[in-house]
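Report on the structure
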There are 4 protein chains.
Amino acid sequence: MKEHKIHSGWKNAIHEVIYEADTPLGKLFDIVLIFLIVLSVILVMLESVKEIDQQYHLILLSLEWVVTIFFTLEYIARLISIRKPWKYVFSFYGIIDFVSTIPLYLSYILAGSQVLLAVRAFRLLRIFRILKLVKFMGEASQLKAALRSSRAKIAVFIYVVLILSVIMGTLMYLIEDNESGFTSIPRSIYWTIVTLTTVGYGDIAPQTNLGQLLATVIMILGYGIIAVPTGIVTVEFSKHTKGANGKSLVHTNTQACPSCSAEGHRDDATNCYKCGELL
Amino acid sequence: MKEHKIHSGWKNAIHEVIYEADTPLGKLFDIVLIFLIVLSVILVMLESVKEIDQQYHLILLSLEWVVTIFFTLEYIARLISIRKPWKYVFSFYGIIDFVSTIPLYLSYILAGSQVLLAVRAFRLLRIFRILKLVKFMGEASQLKAALRSSRAKIAVFIYVVLILSVIMGTLMYLIEDNESGFTSIPRSIYWTIVTLTTVGYGDIAPQTNLGQLLATVIMILGYGIIAVPTGIVTVEFSKHTKGANGKSLVHTNTQACPSCSAEGHRDDATNCYKCGELL
Amino acid sequence: MKEHKIHSGWKNAIHEVIYEADTPLGKLFDIVLIFLIVLSVILVMLESVKEIDQQYHLILLSLEWVVTIFFTLEYIARLISIRKPWKYVFSFYGIIDFVSTIPLYLSYILAGSQVLLAVRAFRLLRIFRILKLVKFMGEASQLKAALRSSRAKIAVFIYVVLILSVIMGTLMYLIEDNESGFTSIPRSIYWTIVTLTTVGYGDIAPQTNLGQLLATVIMILGYGIIAVPTGIVTVEFSKHTKGANGKSLVHTNTQACPSCSAEGHRDDATNCYKCGELL
Amino acid sequence: MKEHKIHSGWKNAIHEVIYEADTPLGKLFDIVLIFLIVLSVILVMLESVKEIDQQYHLILLSLEWVVTIFFTLEYIARLISIRKPWKYVFSFYGIIDFVSTIPLYLSYILAGSQVLLAVRAFRLLRIFRILKLVKFMGEASQLKAALRSSRAKIAVFIYVVLILSVIMGTLMYLIEDNESGFTSIPRSIYWTIVTLTTVGYGDIAPQTNLGQLLATVIMILGYGIIAVPTGIVTVEFSKHTKGANGKSLVHTNTQACPSCSAEGHRDDATNCYKCGELL
């Protein structure tokens, strides 16, 4: 709030539009930004489809320019309206904003570079910025908290899966001959993970009886192992889940009413729910 | 109940048969309706199998007419017996009923249109109407309540899965050459979702070492990510499920205290937990 | 116990060996029976492998005769030693025992019938009988109880999955042309279930852009839907799980100590765990 | 502690470096060991890729020698510094250490034996030894406890899955003709497990209508059955997980009452819940 006074009036106005969502203009800006981010991602996708690119090249390029110019103006506006521009430039979103703005300019310098396509995909990351405003991000932070606290358990789990894959993959390499696709240990490990995670492409598949037997073991293992992350995450979720009013759903008040000995009061109860006595 | 008196006698009778299931005739009607709905769906399926259609075309067409005539009569009966026919016509089930009745008539106007086949599939949706009467719909409403209250969390989850798919798909497009099937970014994203959800068709599969490495990461991610919706739904289910003693584990008392307006009382509360006032 | 006295001595002895597992002979009988059941299943499997059948036909046939003779003797012994033989003959296990004994005899009457192979597979069902004795069947009955009480919910779930498959399958049939494998609606529904359950063979796979888009929706649906049975079963399990001592793990004693008001006593507590006062 | 005094000084010093991780040298040793174990595994993998092996054979062999010499020295050091060397030699880790050291020596005796590759993979098992020191092994032991106590339930589950696979596999063998890949019962069972676990390679896939119908049933079964291990593990996890207040949700007090020998007291109990005696 304070910093606003220091800024000159028009900088202030820009700042409000870009960084705040509670004014009508601020909301409009956010909606236009989301729209252009999604548009830019769709453009990158469509350009990669050869038939579409050949037929509608000019339309795609024009839209690309519209997006780029908007992103450029937005980047400059952010730089001007903020008090510490350098902090923004080197922040996570600052880098994403910069990287997602320059590809079209670069394409005129480093002509034909396909790598630029990838850079443009980073634009999608910007949606995270806007989603902060969306009401269900409270849910997201709850999910995040649950996942963060089960981090260590999940690390152990992934470690075990990897060890298992290396051992099983090596075994499969030794059992199967090269003709069925198990041409090297890394490739066999790749196959093992494809099987263990129940993806099962079928581009590599065991042909020998022993290989199919071991594959069966790996599948049942994978089928059972999936229970472990699920169990971990479910237990964490149930700990982190709160009721609609933001309070834990299960009341753990252990007080008993001094007058009627009723128990199971709400955590914030001051009177007995049965006789009305003060607790 | 009241509206019955306003109706004339035979309209009343029809209304009872069609809209209520507690009379013998009402039950019979429902059973015949279910049977014909299922029959009509099977007919649509069988017609799509060329060999069967060629051999038994006449039988299929006759049965099709039986179903259509019944549906037509039922639609007219519903229109007549109800007090506000227009409300029914434009209701969800009204539209389904109409759409599922007309395809055979249309086939004589717009000869040979294959699109009509699709329309007939809508008949299956009508089963929802009848299932309301089935005893285990209490279970269904419980499931529905659990899914509804985890809606926001699942939306966040699907959003994250989609973002991840776009980024990973674009990366795979850049890593893999076109020959292994990653011919465009949308196609790569399609492949990523096939892999992330552990479906794994194998029509597109990475051939390069780097591609297989990234594929491995996507698989393990997908294998772990599946824990998230499971965790969400399980926790919601456990909230909506009743305890062993037949009482809900979560108190759902919607009373407000007449004196201090406090809410969230225990289900068996007789006094306000805040001010002690009688509820 | 009583019926033993009525039986003559040797019938009694046979009854004890066959129906009871707590004598040394009874245990030996059970072990031999398990061994022969497993052997007979392996024999059926090996016979179906052409190379093995050609090379070792005589050995397989001899072992087949050993198994069949033992099963015949066992069947007769069961008939003799039991008081109500007809009840056994028409019981579930009686029919399985009969059906698993006759195939070899039948093969001399109805020469070369391949259907007999299937009948022999029923032998494996007999293992259920013996497993009753195994200590971890207590666990199995717990699992069974949990599954039984979630029966109605699972029925609703499977119904929704089937409806979804029919609608999605029909849509895919209309979108995809016949060349990519979607040659009829039943086949498209088969593909939809393959995709929805994340099996994903890849023998049929969408080729058009719209088809791949819809396939993506089906996959994410399937990926999310799997959370529903998991949630149902988990919640049921947590209700049916008891502690090591056979009592519910969570004590729900709501008594408070009359002397020190301590709460959270064991369900079977008679004295306060804090002050020792009688509850 | 005591045994250190008995050892001579330098043996003591070696013992501390190898067996303890709390001195700087001990930590360094552990890090070098982890690095070399991982290196040796990567070497085994790279050697199996023909192109890499041909081009960099000398570098790989040299690194192989470095690893082998270190492992040899470590093995000898372990033998010398420990009081009961024979106990170590025949212990689980003693055998792994020996087996993971000798392959390179053996390759000069039994020239060209590919089996040696497999033996080297055992080196990875050694990581388990070091991971004991890593902080998140507390988590691992919690996971292990949860899995161990659900062992019996999981055994029942796997048994049911196997029985189901044998029966369904045999049915599929009888339904499908040999041309679609169901050439023998073991192969059909392999396919059934591939389908039931939702892996779905697609190398074998049903072609007949009846086969596809049964396949559909197997898929939906598999899709539902996956809920069972997940439910089991989740419930076990929630038992082994501590509550929000840092106390275990399940009381694990192992005290017995000195007066009446009652067990299963609350963790914070001071008096027996049965006779009121002080604990």
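Model, not experiment: these values are computed from the prediction. (Residues numbered from 1 in each chain as written. Chains lettered and ligands numbered in written order. Predicted model: local features only at pLDDT ≥ 70, side-chain atom pairs only at ≥ 80, totals over all residues. Heavy atoms only, no water.)

Looking at the packing of helix α11 (residues 151–175) of chain C against helix α13 (residues 209–225) of chain C
Residue and element names in this part refer to chain C. Two elements in contact, α11 and α13, have axes separated by 10 Å at closest approach and are oriented at 170 degrees. In terms of orientation, α11 and α13 fall into the roughly antiparallel class. Contact residues: α11 offers Phe157, Val161, Leu164, Met168, Leu171, Met172 and Ile175, while α13 offers Leu210, Gly211, Leu214, Ala215, Val217, Ile218, Leu221 and Ile225. Here the residues of the contact of α11 with α13 sort into 14 nonpolar, one polar and no charged. (Axes fitted to C-alpha atoms, helices over the stretch in contact; angles between N-to-C directions. Helix = DSSP H or I, 4+ residues; strand = E, 2+ residues; numbered from the N terminus. Parallel < 35°, antiparallel > 145°, perpendicular 65-115°, else oblique. Contact = heavy atoms within 4.5 Å. Nonpolar A, V, L, I, M, F, W, Y, C, P; charged D, E, K, R; others polar.)

Focus on the pattern of salt bridges
Residue and element names in this part refer to chain B. Applying the stated rule across the entire model yields eight salt bridges over all chains. Arg78 is the partner of Asp97 in a salt bridge, and the nearest nitrogen-oxygen pair spans 3.7 Å. Separated by 19 residues along the polypeptide, Asp97 in helix α6 (residues 92–101) and Arg78 in helix α4 (residues 50–81) bring together distant segments of the chain. Accessibility classification places Asp97 together with Arg78 in one group, the buried group. (Salt bridge = Lys/Arg side-chain N within 4 Å of Asp/Glu carboxyl O. Buried < 20%, exposed > 50% of the residue type's maximum accessible area, 1.4 Å probe, protein only.)

Quick word on the interface of chain B and chain D
At the junction of the two partners, chain B supplies five residues and chain D supplies five residues. Across the chain B to chain D interface the summed buried area is about 190 Å²; carbon plus sulfur atoms make up 31%. The tally of links from chain B across to chain D stands at zero salt bridges. Our enumeration of links across chain B and chain D arrives at zero residue pairs in polar contact (both at pLDDT 80 or more). (Buried area = accessible area lost by both parts, 1.4 Å probe. Polar contact = N/O pair within 3.5 Å; in protein donor to acceptor, adjacent residues only side chain to side chain.)

Concerning the environment of C:Ile18
Residues and elements named next belong to chain C. Along the chain, Ile18 turns up in helix α2 (residues 9–19). On the basis of relative accessible area, Ile18 is assigned to the buried category, the value being 8%. For the pair Ile18 and Leu214, spaced 196 residues apart in sequence, the C-alpha separation works out to 58 Å. Those residues in contact with Ile18 that sit more than four places away from it in its chain are Phe29, Asp30, Glu74, Ala77 and Arg78.

Points about the side chain of A:Glu236
Residue and element names in this part refer to chain A. Inspection of the secondary structure assignment puts Glu236 in helix α14 (residues 227–240). Given the relative accessible area of 4%, Glu236 is considered buried. Those residues in contact with Glu236 that sit more than four places away from it in its chain are Ala146, Ser149, Ser150 and Lys153.

What to know about the packing of aromatic side chains
One pass over the full model with this rule turns up 36 aromatic pairs over all chains. Here D:Trp65 and D:Tyr105 contribute two aromatic rings whose centre-to-centre distance is 5.9 Å and whose plane-to-plane angle is 70 degrees, an arrangement assigned as edge-to-face. Placement of the pair is D:Trp65 in helix α4 (residues 50–81) and D:Tyr105 in helix α7 (residues 103–109), with a sequence separation of 40 residues. Site record: aromatic cluster; members linked through ring pairs are A:Phe29, A:Phe70 and A:Phe71. (Phe/Tyr/Trp six-rings, centres within 6.5 Å; stacked < 30°, edge-to-face > 60°.)

Focus: the confidence of the model for chain A
Residue and element names in this part refer to chain A. With 72% of its residues at a pLDDT of 70 or more, chain A has an overall mean of 76. The least confident element of chain A, judged by mean pLDDT, is helix α1 (residues 2–6) at 48; the most confident is helix α12 (residues 185–196) at 90. Contacts for the low-pLDDT stretch residues 243–254, under 50 throughout, to residues beyond four places or in other chains number 20 contacts. In the predicted assembly, ipTM is 0.75 and pTM is 0.79. (pLDDT = per-residue confidence, 0-100.)

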